[in-house]
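# Per-entry structural report
This is what each chain is made of:
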Amino acid sequence: QKNTLIHRTNCTFVFINERFLKTFHDITSFKTNEKTFVTIGTFDGVHFGHQEIINKLVDDAKLAGKKSVLLTFFPHPRMVLQKGTTIALINTIEERTALLEKTGLDYLIIHPFSIAFSRLTALDFVRDFLVTQLNISKLIIGYDHHFGKNREGNIEQLTEYSHTYGFSVEEIPAQDIDDVSVSSTKIRRALAAGNLKTANRYLGSPFMLSGKVVNGKKLGGQIGFPTANIDILEDYKLIPKTGVYVIQSEIHNKTVFGMMNIGNRPTVSGTHQTIEVHFFDFNNDLYNAFLTIELLFFLREEHKFDTIESLILQLKKDEQTARDYLKKEL
């Protein structure tokens, strides 16, 4: 069933599988009289390790007749606490939200992370947010979880506070979520190296790029390969290794396949990195459309060709290789 979005002041309602999943953009706007099961984290990538925790949360909450709540933060804490340092995140906050909405959660809370929030003590965070605001019954967290001012909160403190405030704590053991050593850091490294197969395996779904289609120089159309130029607005979004990829995108409720180049277009003396997508068997005007591109397969490195004719020949080979891949894999 197609999702229906209804916007509200502090939360978004998403209709999925005949039920509402509510997304709040500030923890103080969340109100409930029902007891909740909660997990906390940044969940960048929503990879297999994250999914293990989320599945546990959702299943346990349903079994106990409680509501499941995932509390995450934006901006990423490092973006706030380590000004001047660069950070490349697997997901934009919109992409992360879209992935989390598919998990069966009852509530998703994206709380603004700030300097003031970072100075909350572990006790303040547990008492004022988990207990008072979220009405917590159980907290499920990954191993080695830290929180509060100077990351002073740990599993021992959480256990102590749980006795005081009447909730339980369950820490997911390392071996349960780390069987393949999944981590957001390893996924970022795989993407930077062009190892899309490994990254997608860890993620459990294709890596995605989301952006607006903007005007380019229309050189692709002149050589028989018209492209949609994707502008990624978020400067913190990880852009994978330059090169040519097999991709897919949902356009007007239809899956459309194609190939994408990330790079500087050296053959035509490009001066900056661009993201250009050529869709197969599709010629609709996409200007100003917002697209999510899913990367399926890394075809080749970006090269500088001596002539435009050589580039055209390579693009024809790329298209055939891409179509052969899609025929085999899909």
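Given the structure is predicted, the values throughout are model-derived calculations rather than measurements.

Here we take up the overall build of the protein chain. The number of helices and strands found in the protein chain is eleven helices and 14 strands. For 330 residues, the compact-globule estimate of 2.2 N^0.38 gives 20 Å, and the C-alpha radius of gyration of the protein chain, at 22 Å, lies within 12% of that figure. Over its C-alpha atoms, taken along the principal directions, the protein chain stretches across nearly 75 × 40 × 35 Å. Pairs at least 24 residues apart make up 70% of the contacts formed inside the protein chain by residues separated by at least 6 positions. Surface exposure of the protein chain reaches about 17,000 Å², of which carbon and sulfur atoms provide 49%. Charge centroids of the protein chain, computed over 38 positive and 38 negative side chains, lie 3 Å from each other.

Our next topic: the nonpolar core. Of all hydrophobic cores here, the largest spans 31 residues; its most connected members are Phe207, Met260, Phe279 and Leu295. Where this core is concerned, the elements lending two or more residues are α8 (184-192), α9 (196-203), β9 (207-214), β10 (228-231), β11 (243-251), β12 (254-263), β13 (274-279) and β14 (290-300). Discounting residues that sit within four places of it in the chain, Phe207 has contacts with Ile90, Leu191, Leu196, Asn200, Lys237, Leu238, Pro240, Ile293, Glu294 and Leu295. Ranked by size, the runner-up nonpolar core spans 28 residues in total, among them Val38, Val69, Phe129 and Leu134.

Note: strands within a sheet are paired through backbone hydrogen bonds, in either parallel or antiparallel orientation. A barrel is described by the order of its strands in space; here six strands give the closed sequence β9-β10-β13-β12-β11-β14, paired in antiparallel fashion. Neighbouring strand axes in the sheet, compared pairwise and without regard to direction, differ in orientation by 45° on average. Sitting on the sheet, α9 touches β9, β11 and β14, and the angle it makes with β14 is about 130°.

So, on to the pairing of β12. Counting buried positions over the ten residues of β12 gives seven, a clear majority of the element. Here β11 pairs with β12 via nine bridges, running antiparallel. For Glu250, the partnering residue across the bridge sits in β12 and is Thr255. Linking β11 to β12, which pair antiparallel, is a turn of two residues; within it His252 sits at a positive phi near 50°. Sheet analysis places β12 next to β13, joined by six bridges and oriented antiparallel. Residue Met260 lies in a different strand from β13, and its bridge partner there is Val277.

Of all eight residues in β9, six are buried; the element is thus mostly enclosed. Across six bridges, β9 lies against β14 in antiparallel orientation. When the sheet's bridge partners are listed, Leu209 is paired in β14 with Ile293. Sheet topology note: the β9/β10 ladder contains three bridges and is antiparallel. In the strand pairing of β10, Val213 is matched with Ile230.

Before going further, it helps to examine the side chain of Asn261. Among the secondary structure elements, Asn261 is positioned in strand β12. A polar atom in the side chain of Asn261 sits 3.4 Å from the side chain of Glu302. If we ignore the near neighbours within four places in the chain, the residues touching Asn261 are Gly243, Val244, Thr274, Ile275, Glu276 and Glu302.

Before going further, it helps to examine the packing of aromatic side chains. According to the stated counting rule, one finds 13 aromatic pairs in the structure shown. Both rings, one in Phe73 and one in Phe117, keep their centres 5.4 Å apart while their planes meet at 45°; by these two values the pair is tilted. On the criterion of sequence distance, the pair formed by Phe73 in strand β5 (residues 67-74) and Phe117 in helix α4 (residues 115-118) is long-range, its members being 44 residues apart. With a centroid separation of 5.0 Å and 75° between ring planes, the pair formed by Tyr245 and Phe298 is classed as edge-to-face. Residue Tyr245 is found in strand β11, and its partner Phe298 is found in strand β14; the two are separated by 53 residues along the sequence. The class of Phe298 is buried, set by a relative accessible area of 18%.

What counts and how
Every chain begins its residue count from 1, and numbering advances along the sequence as written. At least 70 in pLDDT is required for a residue's local features to be given in this predicted model, at least 80 for side-chain atom pairs to be given and counted, and no such filter applies to totals for whole chains, interfaces and linings, which use all residues. Water and hydrogen atoms were dropped before computing side-chain values, which therefore reflect all heavy atoms in the structure. The helix and strand labels rest on DSSP assignments: H or I over at least four residues marks a helix, E over at least two residues marks a strand, and numbering proceeds from the N terminus. The atom set for the radius of gyration is the C-alpha atoms, and the globule formula is 2.2 Å times the number of residues raised to the power 0.38. Any pair of residues with heavy atoms lying within 4.5 Å of one another is described as a contacting pair. All accessibility values rest on the Shrake-Rupley procedure with a 1.4 Å probe; residue burial counts only the protein chains present in the view. We score Asp and Glu as negative and Lys and Arg as positive, and we do not count His or the chain ends. By convention, the point assigned to a charge is CZ for Arg, NZ for Lys, CD for Glu and CG for Asp. Buried residues of nine kinds, namely Ala, Val, Leu, Ile, Met, Phe, Trp, Tyr and Cys, make up a nonpolar core once their side-chain atoms join them within 4.5 Å. Buried residues are those whose accessible area, probed at 1.4 Å on protein chains only, stays under 20% of the maximum for their type, while exposed residues exceed 50% and partly exposed ones sit between those limits. One requirement defines pairing of two strands: DSSP has to find at least two bridges between them. Where helices are involved, their axes are fitted lines through C-alpha atoms of the stretch in contact, as for all axes, and angles between N-to-C directions lie from 0 to 180°. Here a polar contact is taken to be a pair of N or O atoms separated by no more than 3.5 Å, where protein atoms must pair a possible hydrogen donor with a possible acceptor and residues adjacent in sequence count only if both atoms sit in side chains. To pair, rings of Phe, Tyr and Trp, with the six-membered ring standing in for Trp, must have centres within 6.5 Å; the planes then decide the type, stacked if under 30 degrees apart, edge-to-face if over 60, and tilted in the middle.

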